[in-house]
Amino acid sequence: MLLLSLSQSHHKEHEEDTHRIIISEKASEHPLTSLLNMEDEVFDQIVSVFNSLVAWVAAGAIMFGGVVPYIPQYRDIRRTQNAEGFSTYVCLVLLVANILRILFRFGRYFETPLLWQSIIMIGTMLTMLNLCTNVRMATELNTKRRSFIATDSKDEEVRIPKRLFLDFDWSYFWSWSHFVDYVQCVLSFTAVAAYITYLLLDSALFVETLGFLAVFTEAMLGTPQLYCNYQNKSTEGMSIKMVLMWTSGDTFKTGYFLLTQAPVQFWTCGLLQVFVDIAILFQVYYYSRYPQKPVSHTVSHTTSAKAL
């Protein structure tokens, strides 16, 4: 019994020593483990802040990046007082596309930056239309005055025929005399499109079709400018900076659509838009290398109208 008691006492002491050693080892390891955990938390916070920053920058680029290409074109038109090289149908395409995209969001959710992009773009296109309309009317008025002076007519007799939206004359559609006529047209289109969307919002087919029309119309953005250049056999008066920014912006936008898993209509039409931009850049190269008409030397068509 004595031996058994001594054996049990020795075994108990051995277990206590082992337990103390384990506790001591854990205590010695705890500061290192805590430090590693702290470093992991700091790293995770840095990564989180970096991701948030990238997301904000990308969202800002999406919202305002589409406006930037029109800044050099706007400045060129104001400086030269010549809007001939810029097709106002570009404004029409973007107005229709962005109005439809806003209506599409009522039926299918997409990223908020894309919604703000549409709102900002609508305001930008209306600003471009206002400038182009004023410049065009001033040019027509000056031409009429020169014509009347040449025939010894009185300046008071100079009159420009008014072309109004409410006349509903398709022969001069989107070539009206005043900016307010364009606003009336845009508001009328918005009201009709919104009413139809309200009636058919429960139809999945209609919503998907609406989304496709929105992005496909925007994909055709460069087509009016492409045709305008083809008609003029020149890219004079068109801002090359604008087209370069179109290309870079559309490429970035298409990548953003793919990364954010936007609806398939968005990125497929984004690719089409990039191809159209490349075609316009080819026109710039072709018409500068192989001129199709003499370069004008008049005040309204000087080479300074080009954005190099």
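Quick caveat: nothing in here was measured; it's all calculated off a predicted structure. (Residues numbered from 1 in each chain as written. Predicted model: local features only at pLDDT ≥ 70, side-chain atom pairs only at ≥ 80, totals over all residues. Heavy atoms only, no water.)

**Side note on empty space enclosed by the protein**
Regions of empty space are outlined by a rolling probe, equal in size to a water molecule, passed over the atoms. Enumeration over the complete set of coordinates arrives at 1 cavity of 30 Å³ or more. Taken as a whole, the largest cavity holds about 40 Å³ of empty space. Lining the largest cavity are R101, V215, E218, A219, K253, F257, F266, C269, G270 and Q273. Mapped by element, the contributors of at least two residues to the lining of the largest cavity are α6 (204-219), α8 (240-259) and α9 (264-289). The element that contributes the greatest number of residues to the lining of the largest cavity is α9, accounting for 4 residues. Along the lines of polarity and charge, the residues of the lining of the largest cavity split into 5 nonpolar, 2 polar and 3 charged. (1 Å grid on protein atoms, 1.4 Å probe; cavity = no way out; pocket = protein on both sides within 12 Å on 5 of 7 lines; lining within 4 Å. Points joined across faces, edges and corners; volume = space filled by probe spheres on them. Helix = DSSP H or I, 4+ residues; strand = E, 2+ residues; numbered from the N terminus. Nonpolar A, V, L, I, M, F, W, Y, C, P; charged D, E, K, R; others polar.)

**Some thoughts on the confidence of the model for the chain**
The predicted model of the chain has a mean per-residue pLDDT of 78, with 77% of residues at 70 or higher. At the low end of the mean pLDDT range in the chain sits helix α1 (residues 2-65), at 63; at the high end sits helix α5 (residues 179-200), at 95. With pLDDT under 50 throughout, residues 294-308 is counted as low confidence; its partners more than four residues away or in other chains account for 24 contacts. (pLDDT = per-residue confidence, 0-100. Contact = heavy atoms within 4.5 Å.)

**Notes on the packing of helix α2 (residues 70-80) against α8**
Packing of α2 against α8 leaves a shortest axis separation of 7 Å and a crossing angle of 165°. One finds that α2 runs roughly antiparallel with respect to α8. In this structure, the crossing between α2 and α8 has a hand that is left-handed. Contact with α2, carried on its side by Y70, P72 and Q73, involves K241, M242, M245 and W246 of α8 and no other residues of that element. Of the residues assigned to the contact of α2 with α8, the class counts are 5 nonpolar, 1 polar and 1 charged. (Axes fitted to C-alpha atoms, helices over the stretch in contact; angles between N-to-C directions. Parallel < 35°, antiparallel > 145°, perpendicular 65-115°, else oblique. Left-handed = near helix turned anticlockwise from the far one by under 90°.)

**Some points on the packing of aromatic side chains**
For the coordinates displayed, the defined rule picks out 14 aromatic pairs. Aromatic pair F173 and W176: ring centres 5.4 Å apart, planes at 85°, arrangement edge-to-face. Residue W176 is classed as buried on the basis of its relative accessible area of 2%. Ring centres of W176 and Y182 lie 5.1 Å apart, and the angle between their planes is 65°; on these two criteria the pair is classed as edge-to-face. For the pair shown, W176 and Y182 are each scored as buried. (Phe/Tyr/Trp six-rings, centres within 6.5 Å; stacked < 30°, edge-to-face > 60°. Buried < 20%, exposed > 50% of the residue type's maximum accessible area, 1.4 Å probe, protein only.)

**Quick word on the pattern of salt bridges**
Inspection of every chain in the model, using the stated rule, returns 3 salt bridges. Of the charged contacts, one joins R79 and D76 as a salt bridge, the two residues approaching to 3.1 Å between their closest N and O atoms. Pair noted here: R79 and D76 are both in helix α2, with a separation of 3 residues, about one helical turn. On the accessibility criterion, D76 (6% relative accessible area) is buried. (Salt bridge = Lys/Arg side-chain N within 4 Å of Asp/Glu carboxyl O.)

**As for the layout of surface pockets**
Roughly 470 Å³ of volume is contained in the largest pocket. Lining the largest pocket we find 22 residues, and of these A83, E84, F86, T88 and R136 sit closest to its centre. Among the residues forming the lining of the largest pocket, the class breakdown is 9 nonpolar, 10 polar and 3 charged.

**Some thoughts on a nonpolar patch on the surface**
Taken together, the side chains of V192, Y195, I196, Y198, L199 and L200 make up a nonpolar region of the molecular surface, amounting to roughly 660 Å² of accessible area. Considering the arrangement of structural elements, one finds L200 in helix α5. (Patch = residues over 30% accessible without salt bridge, like charges linked within 9 Å, V, L, I, M, F, W, Y side chains within 5 Å. Areas by Shrake-Rupley, 256 points an atom, 1.4 Å probe, with all protein chains shown as cover.)

**Re unusual backbone geometry**
Across the chain, the bulk of peptide bonds are trans and the bulk of non-glycine residues have phi less than zero. In this structure, Q81 takes a positive phi of about 55° despite not being glycine. Mapped onto the elements of the fold, Q81 is located in the loop between α2 and α3 (89-107). On the basis of relative accessibility, which here comes to 41%, the residue Q81 falls in the partly exposed class. For W174, which is not a glycine, the phi torsion comes out positive at approximately 65°.

**Quick look at α5**
Helix length check: α5 (22 residues) gives 32 Å between terminal C-alpha atoms against 32 Å at 1.5 Å per residue, within 8%. Of all the positions in α5, only D181, Y182, C185, V186, A193 and T197 are classed as buried. Seen along its axis, α5 keeps its buried residues to an arc of 135°; they face one direction. Across α5 from its buried face, at more than 90 degrees, point the exposed residues L187, Y195, Y198 and L199. (Expected span 1.5 Å × (residues − 1). Arc of directions from axis to C-beta.)

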